[in-house]
Each structure stands twice: as structure tokens, then as C-alpha cells.
Amino acid sequence: MSTLAVHDHGVVHHEEGHEHHHKATFLNTYVFSQDHKYIAKQFLITGITMAFIAMTLSILFRIQLAYPDKSFPLLETLLGRFAPGGRLSPDFYMSLVTIHGTIMVFFVLTAGLSGTFANLLIPLQVGARDMASPFVNMLSYWFFLTASIIMLSSFFVEKGPASGGWTIYPPLSALPKAMNGSAEGMTLWLISMICFVGSSLMGGINYVSTVLNMRTKGMDLWKMPLSTWALFLTAILGVLSFPVLVAGIVLLIFDRSFGTSFYLSDIVLNGKVMPYEGGSPILFQHLFWFLGHPEVYIVIMPAMGIASEVIAVNSRKPIFGYHAMVYSLIGITVLSFVVWGHHMFVTGMNPFLGGVFMITTLIIAVPSAVKTFNWLATLWRGNIRFTPAMLFSIGMVSFFISGGLTGIFLGNAALDINLHDTYFVVAHFHLVMGSAAIFGMLAGVYHWFPKLYRRMMDERLGYLHFWITFIAAYLVFFPMHFMGLEGVPRRYYAITEFHQWDHWLNVNTFITWAAIMAGLAQVAFIINFVYSIFWGKKTVQNPWNANTLEWTAPIEHHHGNWIGEIPTVYRWPYDYSKPGAEDDFIPQTVPFSQTMSSNLPHDFEDNPAGLEEYTKWTATQKANEEVK
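In this text, all values refer to a predicted model and were calculated from it rather than measured experimentally. (Residues numbered from 1 in each chain as written. Predicted model: local features only at pLDDT ≥ 70, side-chain atom pairs only at ≥ 80, totals over all residues. Heavy atoms only, no water.)

**A closer look at the overall build of the protein chain**
Then, in step 1: Summing up its helical and strand segments, the protein chain has 17 helices and 4 strands in all.
Then, in step 2: A compact globule built from 628 residues would reach a C-alpha radius of gyration of about 25 Å, and the protein chain, at 26 Å, matches this within 12%.
Then, in step 3: Judged by the C-alpha coordinates and their principal axes, the protein chain covers about 100 × 55 × 50 Å.
Then, in step 4: A burial count over the protein chain gives 58% of its 628 residues as buried.
Then, in step 5: Summarising the internal contacts of the protein chain: among those between residues at least 6 apart in sequence, 76% fall at separations of at least 24. (Helix = DSSP H or I, 4+ residues; strand = E, 2+ residues; numbered from the N terminus. Rg over C-alpha atoms; globule rule 2.2 N^0.38 Å. Buried < 20%, exposed > 50% of the residue type's maximum accessible area, 1.4 Å probe, protein only. Contact = heavy atoms within 4.5 Å.)

In C-alpha cells form, the structure reads like this:
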């Protein structure tokens with residue numbers, strides 16, 4: 001059994017002798033595992049599977065947008081009643097858009113990204129044997145898998161999956177008879193999301209508890225890598241905001257099934273006046289976006305942390321402005337709760353309130369700009385190694401900048417009223433949230449693949465994957481800005497119904513083929529990923545010469561991470577290319593007494609005894625030089 005010790009700095013950690021009394025079997029090792037590393041693999045593989053499903057859905061509805069008047073018999077063969085005559089039905093088109101958005105935002109970019117890297121990195125980077133509650137951690141994955149199965153099962157009910165957009169606004173979502181996608185498929189969507197939120201809350205509470213209570217000796221908050229900071233603050237965001245979505249969903253279920261009117265009022269359905277009074281669909285928007293905007297940062301902050309770590313390691317430089325990076329993450333966490341109204345400028349809100357949301361939206365751009373500046377400053381004059389992980393991190397910064405700039409347009413109420421629900425919005429969030437977060441996730445997969453699977457991924461396939469995906473993503477989303485500026489609305493089944501937009505049909509065709517090219521590039525990633533798991537080159541313990549604690553753990557997976565005592569931490573995680581050091585990296589576990597020639601006075605800000613020792617050593621060195 002493991003023993004616990006409380007050190008003088010108040011941090012609890014596990015000592016040596018950590019053993020589990022249960023017998024290892026295939027089921028409890030690989031299926032119902034409570035080891036955070038295996039749970040990370042489960043989240044990753046499930047997330048990748050869901051991403052490929054969502055990508056397939058997007059290509060299907062992009063074909064409809066590119067060729068709105070053509071029939072494809074293969075579609076009827078594959079989709080049956082959802083594509084009569086070889087063309088998608090309008091209801092099913094809307095369902096594809098809805099499920100694509102839902103899967104990407106929640107199941108890939110939230111659970112797939114945070115679930116994978118919070119599980120893998122937090123215990124290893126803070127020096128813990130496992131999560132605070134391994135059993136609850138296991139449950140969080142199985143709730144996520146259950147939610148995924150329920151969501152996909154909606155394709156097999158009579159009237160098809162949910163439609164109405166991934167935001168499921170009432171009254172479409174509140175009236176089961178409104179359209180096909182409002183029936184059983186919507187009910188399954190709501191049940192799936194309740195399971196998903198349960199998974200997120202169990203995971204988030206675990207992540208926060210582990211960071212606060214299970215850091216190893218010497219690991220204070222200011223010695224944590226930025227990847228752990230980002231995942232820690234992301235978990236706090238999720239724990240505070242996801243319950244609001246559940247509240248909104250429960251009220252929606254009441255309206256659908258029990259005759260209440262939280263979101264409904266003055267409804268006429270098929271010429272019949274419905275008995276609903278007093279509700280407001282705007283209430284749902286407030287509840288949804290109170291989660292929905294923190295959700296944007298729940299998606300992008302882990303990617304920010306991963307990119308920060310990968311850029312520092314592969315630039316062979318300390319991260320520029322570590323404290324500023326942490327404070328900017330905290331600023332984003334706080335401000336993200338007071339900007340949700342910028343999604344609702346066209347709902348008729350009071351102009352004064354709209355002005356308040358506009359100001360807070362522009363203010364939240366400041367910490368994001370700080371992070372961007374610090375990434376660029378870290379890259380500047382670095383001894384850069386262009387690994388696939390580094391390329392994806394730089395790509396993440398590129399998408400974050402180009403997509404973030406258009407956020408200034410949409411954060412301005414006067415401009416947003418004209419651009420709302422156009423392709424400009426689609427371009428903005430697919431760059432700043434979708435592409436940037438996906439690239440951050442892929443950077444993490446390439447960088448920590450050796451820690452997950454004890455083998456290396458193939459670099460040549462990694463370069464091929466990056467360049468095709470990077471180019472194709474810009475080809476898909478950049479033209480959409482111009483479509484939006486001319487007022488082309490999103491989610492329309494066929495813009496050819498409006499002849500003033502006929503000239504955009506060729507652009508839609510171009511975007512569709514670029515999307516297909518991006519999809520094909522992911523085949524290279526899957527081949528690389530699967531091949532490398534079984535036959536990739538075996539890794540060494542620290543393949544990137546990085547400083548953080550996870551690279552001190554043995555290559556072979558051990559439930560408890562370290563055999564024997566957990567390493568003690570002495571320094572921050574970014575001592576790269578330090579003048580006077582023998583190597584261009586100094587791991588966190590190396591005491592300052594072993595690196596006297598490279599120590600600096602500020603290294604001992606919280607260590608008076610170390611500063612005294614360093615001062616004596618410096619005086620001795622100076623005296624020896626004078627003698628010479």
C-alpha cells in the first residue's frame with residue numbers, strides 16, 4: 001500500500017513503496033484501467049475516432065454545398081432515406097451540420113484534448129503517482145464513451161439525428177414536432193450531453209485536486225510547466241461553467257416532455273396555436289453562452305499550454321515571460337465568464353449592456369496578445385529544431401493570430417450585427433478555435449507520443465501531414481471571410497436559391513476540394529500513428545532533452561510512474577541554453593549545488609540558504625581568479 005507524507009510546504013505526495021494489491025488482468029490494465037496513462041490513451045483514441053467521424057460528416061455536407069443541384073447515387077446507397085435520389089435531404093443536411101459541430105467542439109476539442117493531456121501530463125509533471133481519485137478518473141472516461149455512443153446512435157433512429165445547429169436553440173429543440181431533427185434524435189443529443197458534462201466534471205475535479213494536493217517536494221505553483229497551468233485552469237473553467245449547460249438542458253427537457261414554458265411563448269405550429277406562455281428562447285441563449293464562451297477557452301487553453309511547452313523545448317530557450325504567460329492564462333480564465341453576450345448582439349439586448357460586453361470582449365484580447373507576443377519572442381533567435389511537434393505548434397500560433405484578428409470585428413457590436421450568422425463567423429471560429437486547437441492537439445500527440453507508447457513517430461510522415469493540413473486549412477477557411485463580408489449566410493442548404501450569391505458557388509466547390517485534401521492528409525497521420533505504436537523506432541527516456549518531470553519517469557509504464565521515491569524539484573522547467581551550463585538543458589530535478597557555474601541570483605528568490613551558498617561560491621571563484 002502507498003504511504004503519504006506531508007512536507008513542510010504543505011504539499012502531499014506519495015512516497016516509495018506504492019503498490020496496488022489488486023491482480024493485474026487484461027480488463028483492469030487496458031479496459032477498466034485506473035492508471036492515468038492508459039486512461040489518456042483511451043481518451044486519445046476515442047477522440048481521434050470521433051474526429052474522423054466529424055470530418056466525414058463535414059465532407060458530406062460540403063459536397064451538398066459544392067454541387068447543390070447534382071445527384072450522387074452513391075449517397076443514396078450509403079445513406080438511404082436521408083439522401084433520396086442521391087441528394088441529401090434538407091433536414092439531414094442540417095443534422096450533419098449539427099452533429100459535426102457538436103462532436104468537434106465537445107467530443108474532440110474538449111474531451112479528446114483535455115482528457116488526453118490532462119490525464120497524461122498532470123500527474124507526471126507535478127510529480128504524483130496518479131490522479132487524486134483514479135476510480136473517478138476511470139468513470140470520467142466511461143461516461144465520455146457512453147456519451148459518444150448515445151450521440152452516434154441518433155443516426156439510427158427513425159427521424160434522424162438532432163438538427164438546429166450545435167447550439168440547439170429553441171424553439172426547434174424544444175418542440176419535438178417542429179422538424180425531423182427535433183424528435184428522438186434531439187432527445188438523444190440532450191441525454192448524451194448530460195453524460196458528457198458528468199464526464200467533464202469528474203475529470204475536472206480530479207485535475208484540480210491533483211494539482212493542488214499532490215505535487216511532489218519542491219514543486220510549488222511557480223515551478224509548474226505552462227502545459228500544466230493551462231490544463232489546471234481549463235479544469236477550473238469547466239467545473240464552473242458546465243453545470244450551467246446542464247441546467248439549461250434540464251429546462252429544455254421539461255419544455256419538450258412535461259409541458260412547461262421556460263423557453264416557449266406564442267408558438268404556432270402547422271397553423272395551430274400551441275398552449276405555451278411566458279417563456280423566452282433568449283433565456284436559453286444566456287444559459288448556453290454562459291457555458292459556450294468559456295468553452296471556447298476550454299478548447300484553446302490546453303493547446304496554448306502545449307504549444308508553449310513544445311516551442312520552449314524546441315527553441316532551446318527559456319519561455320519568454322513565464323509569469324506574464326501564467327497571469328495571462330488566469331486573466332483569460334476570469335474574463336471568459338463576462339463576455340458571453342457578444343454572441344447575442346442581435347437578440348435585442350439593451351445597447352448599454354451590448355456596450356459592456358463589447359468592452360469586456362476587447363479587453364480579453366489583451367492576455368491573448370500577451371501570449372502571442374511571448375511565443376514569438378521565444379522563437380526569436382532560438383536554436384530551433386523543426387520537429388513535427390514544433391511545426392504544429394507554430395501552425396497553432398499562426399491560426400490563433402489570423403483567426404483572433406477577425407474576433408475584433410465580431411466583438412464590435414456595430415460590425416457583428418452585419419456579420420452575424422454569415423460565413424465570416426464560420427471562418428473566424430474555425431481558425432481561432434478549430435484549427436488552432438487541433439494543431440495544438442496534434443503537436444501534443446507528436447511530442448508526447450514517446451511517453452504514451454514508448455516509440456517514436458515517423459518524422460517524414462509528420463512533415464507531410466503538417467504541410468498538407470496547414471495549407472488545406474487556410475484554403476478552406478480563409479475564403480469564407482469574403483463570403484461573409486458579402487452576407488452569405490451559414491447553414492444554408494443551397495445558396496443557389498438566391499441568385500445574388502451565384503458567383504460564390506465556384507468558391508464553395510474550391511473549399512470542398514480543399515476540405516477533401518485536408519481529410520486525405522489525416523490518412524497519413526493515422527498510418528503514422530498506428531504503425532508507430534507497434535513498429536516505430538524505440539525511444540530513449542528523454543528524446544527531446546526536455547526539463548520537465550515526465551521525462552524522468554521510466555520508459556516502461558509503471559502504475560505509480562516512478563519506481564522508488566518521486567524526484568524532488570529544485571528549479572523551474574525552462575532552464576534551456578543557460579550560460580555557463582555544460583548542456584543546453586538542466587532538468588528540474590538537478591539541484592543548484594550541481595550547476596554553480598550557471599546559477600544566477602534570481603534562481604534563489606525563494607531559497608535564502610541556496611543564495612548564501614551561491615554567494616560564498618562566487619566569492620571563492622573571484623578570490624581564485626585574483627590569485628591567478
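**Structural notes on the side chain of Thr-110**
Then, in step 1: In this structure, Thr-110 sits in the loop between α4 (90-108) and α5 (111-126).
Then, in step 2: Among the polar contacts listed, one links the side chain of Thr-110 to the side chain of Glu-295, at a separation of 2.4 Å.
Then, in step 3: Excluding anything up to four places from it in sequence, Thr-110 contacts Val-105, Gly-115, Phe-196, Phe-242, Glu-295, Ile-298 and Val-299. (Polar contact = N/O pair within 3.5 Å; in protein donor to acceptor, adjacent residues only side chain to side chain.)

**Observations regarding the confidence of the model for the protein chain**
Then, in step 1: Looking at the protein chain, pLDDT values average 91 and 96% of them are 70 or higher.
Then, in step 2: When the elements of the protein chain are averaged for pLDDT, strand β1 (residues 4-6) gives the smallest value, 36, and helix α15 (residues 459-485) the largest, 97. (pLDDT = per-residue confidence, 0-100.)

**What about the packing of aromatic side chains?**
Then, in step 1: Under the counting rule described, the total for this entry stands at 59 aromatic pairs.
Then, in step 2: A ring pair is formed by Tyr-67 and Phe-72, whose centres lie 6.0 Å apart and whose planes are at 70°; its orientation type is edge-to-face.
Then, in step 3: Between the NZ or CZ atom of Arg-571 and the centre of the ring of Phe-592, over which it lies, the distance is 4.2 Å. (Phe/Tyr/Trp six-rings, centres within 6.5 Å; stacked < 30°, edge-to-face > 60°. Lys NZ or Arg CZ within 6 Å of the ring centre and 35° of its normal.)

**Quick notes on the nonpolar core**
Then, in step 1: Phe-107, Trp-189, Phe-196, Met-396 and Phe-529 are the most contacted members of the largest nonpolar core, which has 178 residues in total.
Then, in step 2: Top contributing element to this core by residue count: helix α9 (residues 281-315), with 19 residues.
Then, in step 3: Setting aside residues no more than four positions away along its own chain, Met-396 makes contact with Ile-300, Ala-303, Met-304, Ala-307, Trp-375, Ala-436, Phe-439 and Gly-440. (Core = buried A, V, L, I, M, F, W, Y, C linked by side-chain atoms within 4.5 Å.)

**Some words on unusual backbone geometry**
Then, in step 1: Looking along the chain, the bond that leaves Pro-170 and enters Pro-171 is cis, with omega of 5°.
Then, in step 2: Here Pro-171 shows up in the loop between α6 (134-153) and α7 (184-213).
Then, in step 3: Despite not being glycine, Arg-454 has its phi angle at roughly 65°, a positive value.
Then, in step 4: Along the chain, Arg-454 falls in the loop between α14 (423-453) and α15.
Then, in step 5: Here Arg-454 falls in the partly exposed class, since its relative accessible area comes to 26%.
Then, in step 6: Of note, the phi angle at Ser-577 is positive, near 50°, even though the residue is not glycine.
Then, in step 7: Counting through the fold element by element, Ser-577 comes out in the loop between α16 (505-535) and α17 (608-627).
Then, in step 8: Residue Ser-577 is classed as partly exposed on the basis of its relative accessible area, which comes to 37%.

**Thoughts on a nonpolar patch on the surface**
Then, in step 1: Where nonpolar side chains cluster on the molecular surface, the patch consists of Leu-362, Leu-376, Ile-401, Leu-405, Ile-408, Phe-409 and Leu-415 and spans about 580 Å² of accessible area.
Then, in step 2: Counting only elements with at least two residues in the nonpolar patch, the list comes to α11 (351-379) and α12 (388-410).
Then, in step 3: The biggest single contributor to the nonpolar patch is α12, with 4 residues.
Then, in step 4: Turning to its location among the elements, Phe-409 is positioned in helix α12. (Patch = residues over 30% accessible without salt bridge, like charges linked within 9 Å, V, L, I, M, F, W, Y side chains within 5 Å. Areas by Shrake-Rupley, 256 points an atom, 1.4 Å probe, with all protein chains shown as cover. Salt bridge = Lys/Arg side-chain N within 4 Å of Asp/Glu carboxyl O.)

**Section: the environment of Asp-255**
Then, in step 1: Counting through the fold element by element, Asp-255 comes out in helix α8 (residues 226-257).
Then, in step 2: The class for Asp-255 is buried, based on a relative accessible area of 0%.
Then, in step 3: Considered as a pair, Asp-255 and Gln-42 are 213 residues apart in the sequence and their alpha carbons are 36 Å apart.
Then, in step 4: Look past the residues within four positions of Asp-255 in its chain and what remains in contact with it is Ala-174, Thr-260, Ser-261, Phe-262, Tyr-263, Leu-264 and Tyr-276.
Then, in step 5: In terms of polar contacts, Asp-255 uses its side chain to reach the backbone amide nitrogen of Ser-261, at 3.3 Å.
Then, in step 6: In terms of polar contacts, Asp-255 uses its side chain to reach the backbone amide nitrogen of Phe-262, at 2.9 Å.

**A closer look at the environment of Val-569**
Then, in step 1: Following the sequence through the fold, Val-569 ends up in the loop between α16 and α17.
Then, in step 2: For Val-569, a relative accessible area of 4% puts it in the buried group.
Then, in step 3: Separated by 352 residues in sequence, Val-569 and Lys-217 place their C-alpha atoms 6.3 Å apart.
Then, in step 4: Those residues in contact with Val-569 that lie beyond four places of it in its chain are Thr-216, Lys-217, Gly-218, Met-219, Lys-223, Leu-549 and Gln-588.

**Focus on α14**
In an α-helix, one full turn covers 3.6 residues, which means residues spaced three or four apart are oriented alike.
Then, in step 1: Largest kink in α14: about 50°, centred on His-447, with the proline Pro-450 one to four residues after it.
Then, in step 2: Buried residues dominate α14, accounting for 29 of its 31 residues.
Then, in step 3: Arg-454 sits one or two residues past α14 and shows a positive phi near 65°. (Bend = angle between axes of the 7 residues up to and from the residue.)

**A look at the pattern of salt bridges**
Then, in step 1: Considering all chains together, one arrives at 10 salt bridges under this definition.
Then, in step 2: Put simply, Asp-584 and Arg-316 hold a salt bridge, and the shortest N to O gap is 3.0 Å. A residue pair is termed long-range when its members are at least 10 positions apart, and Asp-584 in the loop between α16 and α17 and Arg-316 in the loop between α9 and α10 (322-335) qualify at 268 residues.

**With respect to the packing of α11 against α12**
Then, in step 1: One can describe the packing of α11 onto α12 by two numbers: an axis separation of 11 Å at closest approach and a directional angle of 150°. Relative to α12, α11 is oriented roughly antiparallel. As α11 packs across α12, the resulting crossing turns out to be left-handed. Note on element contacts: α12 touches α11 through Met-390, Ile-394, Met-396, Val-397, Phe-400, Ile-401 and Ile-408, opposite Leu-362, Ser-368, Thr-372, Trp-375, Leu-376 and Leu-379.
Then, in step 2: Of the residues in the contact of α11 with α12, the class split is 11 nonpolar, 2 polar and no charged. (Axes fitted to C-alpha atoms, helices over the stretch in contact; angles between N-to-C directions. Parallel < 35°, antiparallel > 145°, perpendicular 65-115°, else oblique. Left-handed = near helix turned anticlockwise from the far one by under 90°. Nonpolar A, V, L, I, M, F, W, Y, C, P; charged D, E, K, R; others polar.)

**Re the side chain of Lys-37**
Then, in step 1: With respect to the element layout, Lys-37 can be found in helix α2 (residues 36-66).
Then, in step 2: Polar contacts involving the side chain of Lys-37 include one to the main-chain carbonyl oxygen of His-558, which spans 3.1 Å.
Then, in step 3: Here Lys-37 is in contact with Leu-120, Leu-452, His-557, His-558, His-559 and Asn-561, once residues within four sequence places are set aside.

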